Amino acid sequence: MKTMSRKSVHNPAVDRRSFLRTALGACAFCPPLGFSLVQLAPSMSESLTKEQRDSMTPSQVIDELKKGNERFRTGKMAPRDYLAEKRSSAAGQYPAAVVLGCVDSRVPAEIVFDAGIGDIFTGRVAGNVINDDMLGSMEFGCAVSGAKLVLVLGHTACGAIKGTIDDVVLGNLTGLLARIKPAIPGAKFDGEKSSKNASYVDAVARTNVVLGLAEIRRRSPVLEDLEKKGSIKIIGAMYDVATGAVEFVG
Ligand SMILES: [Zn+2]
């Protein structure tokens, strides 16, 4: 599937480094009038450098994620050389964001944001729930490694949300779903409140994302402090498994 998608892109005007690099083109390279993005081609297969990542603001990272999702959603993904990205990132990584997503096979963050190796940290757990280990991973990504954004990525038609609505009891899943439970009374919804109602399931998923953001700030003074200083942003989003679109929330 990856090969097919890459072969489908033949437009040389597509900026290979468009993910997390558009903003850099304006500052790090300061291209003079008439400078073509194609001129950057020799280095277009490399992962983000520290200088590139550090020169971005949290808002610019969000903008690049939005652009990456737009490329994915419209089938205009940037041509990508994973082996070159592997080589350029082997000596060090400087990802711009930490994404906490669901294990759902339909929501791979790197793909739906058209990002490459070394561009983003990705943590995945059913229902994109917050726990101590995920918080520790976010703190590593931002406070130690220097990422500018924490993104909690929920999605439509989430099985973990449906299971929570249905009060599923099964092994260790029971405890995991308990972390999603607060989203049920928290969701404002008029209509049939059942796992068979897709609109209700998505409303609970969205509430779960918003509560997750509050949970991060409440349980991680490290991240809350970085956010207050403007060093990072903590934001949520919902991915639509039918349309491929990401809508940012909170
Ligand atoms: Zn899910």
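Residues numbered from 1 in each chain as written. Predicted model: local features only at pLDDT ≥ 70, side-chain atom pairs only at ≥ 80, totals over all residues. Heavy atoms only, no water.

**Focus: the overall build of the protein**
Here is step 1: The helix and strand inventory of the protein stands at twelve helices and five strands.
Here is step 2: The burial tally for the protein puts 47% of its 250 residues in the buried class.
Here is step 3: Looking at the protein alone, contacts between residues at least 24 apart form 74% of all its contacts between residues at least 6 apart.
Here is step 4: By element, 57% of the accessible surface of the protein is carried by carbon and sulfur atoms, the whole surface being about 12,200 Å². (Helix = DSSP H or I, 4+ residues; strand = E, 2+ residues; numbered from the N terminus. Buried < 20%, exposed > 50% of the residue type's maximum accessible area, 1.4 Å probe, protein only. Contact = heavy atoms within 4.5 Å. Areas by Shrake-Rupley, 256 points an atom, 1.4 Å probe, with all protein chains shown as cover.)

**A closer look at the nonpolar core**
Here is step 1: In terms of nonpolar packing, the biggest core is built from 39 residues, with M138, C142, V150, I161, I216 and L223 touching the most fellow members.
Here is step 2: At the level of secondary structure, the elements contributing two or more residues to this core comprise strand 1 (97–101), helix 7 (132–144), strand 3 (149–155), helix 8 (159–165), helix 9 (173–178), helix 11 (198–219), helix 12 (221–228) and strand 4 (233–239).
Here is step 3: Counting residues per element, this core draws most heavily on helix 11, at eight residues.
Here is step 4: The contacts of V150, once residues within four sequence positions are left out, are V98, M138, C142, I216, L223, I232, K233, I234 and I235.
Here is step 5: A97, V112, Y239 and V246 belong to the second largest nonpolar core, which has 22 residues in total. (Core = buried A, V, L, I, M, F, W, Y, C linked by side-chain atoms within 4.5 Å.)

**So, unusual backbone geometry**
Here is step 1: At A157, a position not held by glycine, the phi torsion is positive, near 55°.
Here is step 2: Inspection of the secondary structure puts A157 in the loop between strand 3 and helix 8.
Here is step 3: Under the relative-accessibility criterion, A157 is labelled partly exposed at 26%.
Here is step 4: The phi dihedral of D167 is positive, around 55°, even though this residue is not glycine.
Here is step 5: With respect to the secondary-structure elements, D167 resides in the loop between helix 8 and helix 9.
Here is step 6: The exposure class assigned to D167 is partly exposed, which follows from its relative accessible area of 48%.

**Describing the sheet that holds strand 2 (residues 120–124)**
Here is step 1: Across the sheet, which stays open at both edges, the five strands sit in the order 2-1-3-4-5 with mixed pairing between neighbours. The two strands at the open ends of the sheet, each matched to only one other strand, are strand 2 and strand 5 (246–249). The average undirected angle you get between the axes of adjacent strands in this sheet is 25°.
Here is step 2: Where strand 1 meets strand 2, five bridges bridge the pair, whose relative direction is parallel. Among the inter-strand pairings, V98 is bridged to a residue of strand 2, identified as F121.
Here is step 3: In the packing of helix 4 (residues 58–73) onto the sheet, the strands contacted are strand 1, strand 3, strand 4 and strand 5, and the crossing angle to strand 4 comes to about 15°.
Here is step 4: Contacts from helix 7 reach strand 1, strand 2 and strand 3, with the element oriented near 160° to strand 1. (Pairing = 2+ DSSP bridges. Axes fitted to C-alpha atoms, helices over the stretch in contact; angles between N-to-C directions.)

**Thoughts on the coordination of the zinc ion**
Here is step 1: The zinc ion binds to the protein through C102 (SG), H155 (NE2) and C158 (SG); the donor distances cover 2.0 to 2.3 Å.
Here is step 2: In terms of primary sequence, the donors binding the zinc ion are separated according to C-x52-H-x2-C. C158 shares its class with H155; the two are buried. (Donors = N, O, S within 2.8 Å, 3.2 Å for Na, K, Ca; no water.)

**So, the pattern of salt bridges**
Here is step 1: A complete count under the given rule lists 16 salt bridges for this structure.
Here is step 2: Ionic pairing is found between D167 and K181, a salt bridge with its closest N-O pair at 2.9 Å. Residue D167 is found in the loop between helix 8 and helix 9, and its partner K181 is found in the loop between helix 9 and helix 10 (183–186); the two are separated by 14 residues along the sequence.
Here is step 3: When its relative accessible area of 34% is taken as the criterion, K181 is described as partly exposed. (Salt bridge = Lys/Arg side-chain N within 4 Å of Asp/Glu carboxyl O.)

**Quick look at the packing of aromatic side chains**
Here is step 1: Here the structure, examined in full by the defined rule, presents two aromatic pairs.
Here is step 2: A ring pair is formed by F121 and F140, whose centres lie 5.7 Å apart and whose planes are at 70°; its orientation type is edge-to-face. Residue F121 is located in strand 2, and its partner F140 is located in helix 7; the two are separated by 19 residues in the primary sequence.
Here is step 3: The exposure class of F121 is buried, given its relative accessible area of 14%.
Here is step 4: On the numbers, 5.2 Å between centres and 55° between planes, the contact of F189 with Y200 is tilted. Of the two residues, F189 is situated in the loop between helix 10 and helix 11 and Y200 in helix 11; the sequence distance between them amounts to eleven residues.
Here is step 5: Given the relative accessible area of 18%, F189 is considered buried.
Here is step 6: Over the aromatic face of F248 sits the side chain of K66, whose NZ or CZ is 5.4 Å from the ring centroid. (Phe/Tyr/Trp six-rings, centres within 6.5 Å; stacked < 30°, edge-to-face > 60°. Lys NZ or Arg CZ within 6 Å of the ring centre and 35° of its normal.)

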